[in-house]
Amino acid sequence: MNKFLLKVEGLRTYYDVEGGEVKAVDGVDFSLKKGESLGIVGESGCGKTTLGYSIINFVPPNGKIAKGRIQFDDMNISAMPEAELRKRIRWKKISMIFQEAMNCLNPFYTVGNQMIETLQIHAPEIKRDEAEELVRRSLKTMDLGTDVIDMYPHELSGGMKQRVVIAMGLMLDPEIVIADEPTSALDVIIQARILNMLKNLQRKLELSLILITHDLSIISEVADYVAVMYAGEFIEYGPLYEIYKCQSHPYTHLLFESIPKMMGKQSLRYIPGIPPNLKSPPYGCRFHPRCPYAIEKCKVKEPTRTKLTKNHYAKCHRIGEKLW
């Protein structure tokens, strides 16, 4: 299947804050076909979550999609009125699993009531008895018993809460699921279980998945493609095996170098400095103040995308040089 299910072009999402604008997403392009998975990785504050919100046009009140186009199945959803988005797209076609399940669930409502409320907002045509059946089916998909329906969030473990949030995102059989740090604050055994569930559901339902994380090991378990995000931009993008085999941007390379190794005596590296202030990003390459391979050109001229293979590109002035 060659047709793209989702196509994002030149997306820029800015926040109005005291003293100026925060350019949280600043010129992002990517495409996704049915059944494909994309992992978006980067440090906290690089714009990953804002990108997820932007795709469903659910940006906080002080934010706006300043420029760009988001196309889902031939529909320009970035230009859709809010009422139409809620009726036709959100949770029916594209759903989002929000970060930190503990904060997503209302402690004063049972799991069943919260899930039914979600259905009533996004699919008001569904009757109460049909909604209850959908809730049971969704919970079962995530290996949760029907007794969870009458339980409150404080009665659930962290892993159970996360599975409830995933079940909520799958209730209306969306075609695309955006998962924002779906395994954060969970131990590694529960993480592995949830990742396996997501992979199995993706294959079974032919879901397209966008996985947002800071953890490269999670990306390696799920993604077909990897987008490395820094300071609001994709600085490297490509198939999983190509990115893991040969990183072409210094930031991507340093991210991989910062992963603990099981074998050998190689010392653990870290990336010095902190991410830039997105109200006033650095001139030239945004990574140059932290980059050990930066040259004078990096400080004054923004790098353009260099195509390395059919689906692999990176933004760096020194691509082609043997730096590591």
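Here, every reference points to the structure presented above.
Residue positions are counted from 1 within each chain, in the order its sequence is given. In keeping with the model being predicted, local features are shown solely for residues with a pLDDT of at least 70 and side-chain atom pairs are shown and tallied solely at 80 or more, while totals for entire chains, interfaces and linings include all residues. Computation of side-chain values: all heavy atoms of the structure, hydrogens and water removed.

**Some points on unusual backbone geometry**
- Positive phi is not limited to glycine here, since Asp74 has a value of about 75°.
- Mapped onto the elements of the fold, Asp74 is located in the loop between strand 4 (63–72) and strand 5 (75–76).
- Here Asp143, not a glycine, exhibits a phi torsion of approximately 60°, which is positive.
- By the criteria applied, helices consist of DSSP H or I runs no shorter than four residues and strands consist of E runs no shorter than two, each listed in order from the N terminus. Mapped onto the secondary structure, Asp143 falls in the loop between helix 5 (128–141) and helix 6 (158–170).

**Here we look at empty space enclosed by the protein**
- Every definition here rests on a 1 Å grid over the protein atoms only: cavities are sets of points where a 1.4 Å probe fits but cannot get out, pockets are open sets enclosed by protein on both sides within 12 Å along at least five of seven lines, and lining residues have some atom within 4 Å of a point. Grid points are joined across faces, edges and corners, and a volume is the space filled by probe spheres set on the points. All told, the structure shown has 3 cavities of 30 Å³ or more when counted by the stated rule.
- Here the largest cavity defines a volume of roughly 80 Å³.
- Under the grouping applied here, Gly and all other residues not named as nonpolar or charged are polar, the nonpolar ones being Ala, Val, Leu, Ile, Met, Phe, Trp, Tyr, Cys and Pro and the charged ones Asp, Glu, Lys and Arg. Looking at the lining of the largest cavity residue by residue, the class counts come to 9 nonpolar, 3 polar and 1 charged.
- Partitioning the lining of the second largest cavity into residue classes produces 6 nonpolar, 2 polar and 1 charged.

**Considering the layout of surface pockets**
- Empty space within the largest pocket amounts to approximately 490 Å³.
- Lining the largest pocket are 20 residues, and of these Trp91, Phe98, Cys104, Thr118 and Met168 lie nearest its centre.
- Elements supplying a minimum of two residues to the lining of the largest pocket: helix 2 (82–89), helix 4 (111–122) and helix 6.
- The leading source of residues in the lining of the largest pocket is helix 4, at 5 residues.
- A per-class count over the lining of the largest pocket returns 11 nonpolar, 5 polar and 4 charged.
- Roughly 410 Å³ of volume is contained in the second largest pocket.
- Lining the second largest pocket are 18 residues, with Phe4, Ser31, Tyr237, Lys310 and Asn311 positioned closest to its centre.

**Thoughts on the sheet that holds strand 1 (residues 4–17)**
- Paired strands, in this sense, are two strands between which DSSP finds at least two bridges. Within the open sheet, the 4 strands sit side by side as 2-1-4-5. Their pairing is antiparallel. Each edge of the open sheet is held by one strand with a lone partner, namely strand 2 (20–33) and strand 5.
- With 2 bridges connecting them, strand 4 and strand 5 associate as antiparallel partners. Residue pairing across strands places Phe72 opposite Met75, the latter belonging to strand 5.

**Thoughts on the pairing of strand 10 (residues 233–239)**
- A 1.4 Å probe rolled over the protein chains alone gives each residue an accessible area, and that area as a share of the maximum for its type sets the label: buried under 20%, exposed over 50%, partly exposed in between. The element strand 10 is extensively covered by neighbouring structure, given that 7 of its 7 residues are classed as buried.
- Examined bridge by bridge, strand 10 and strand 12 (residues 312–315) share 2 bridges and lie antiparallel to one another. Residue pairing in the sheet places Glu236 in a bridge with Ala314 of strand 12.

**Description of the environment of Pro303**
- Along the chain, Pro303 falls in the loop between helix 11 (296–300) and strand 11 (305–309).
- On the basis of relative accessible area, Pro303 is assigned to the buried category, the value being 6%.
- Taking the C-alpha atoms as reference points, Pro303 and Lys245, 58 residues apart in sequence, are found 23 Å from one another.
- The criterion used for residue contact is that any of the two residues' heavy atoms lie within 4.5 Å. With sequence-adjacent residues up to four places away left out, Pro303 is seen in contact with Gly284, Cys285, Lys315, Cys316 and His317.

**Section: helix 7 (residues 188–205)**
- Helix length check: helix 7, at 18 residues, gives a terminal C-alpha distance of 25 Å against a target of 26 Å (1.5 Å per residue), a fit within 8%.
- Residues Gln191, Ile194, Leu195, Met197, Leu198, Lys199, Leu201 and Gln202 constitute the buried set of helix 7.
- The elements touched by buried residues of helix 7 are strand 3 (37–41), helix 5, helix 6, strand 8 (208–213) and helix 8 (216–222).
- Polar contact is the term for a pair of N or O atoms within 3.5 Å; when the atoms are in protein, one must be able to donate a hydrogen and the other to accept it, and sequence-neighboring residues count only if both atoms are side-chain atoms. The N-cap residue of helix 7 is Asp187: its side-chain oxygen and the backbone nitrogen of Ile189 are 3.1 Å apart.
- Directly after helix 7, the chain includes Glu206, whose backbone phi takes a positive value near 55°. For a helix, the expected span equals 1.5 Å multiplied by the residue count minus one.

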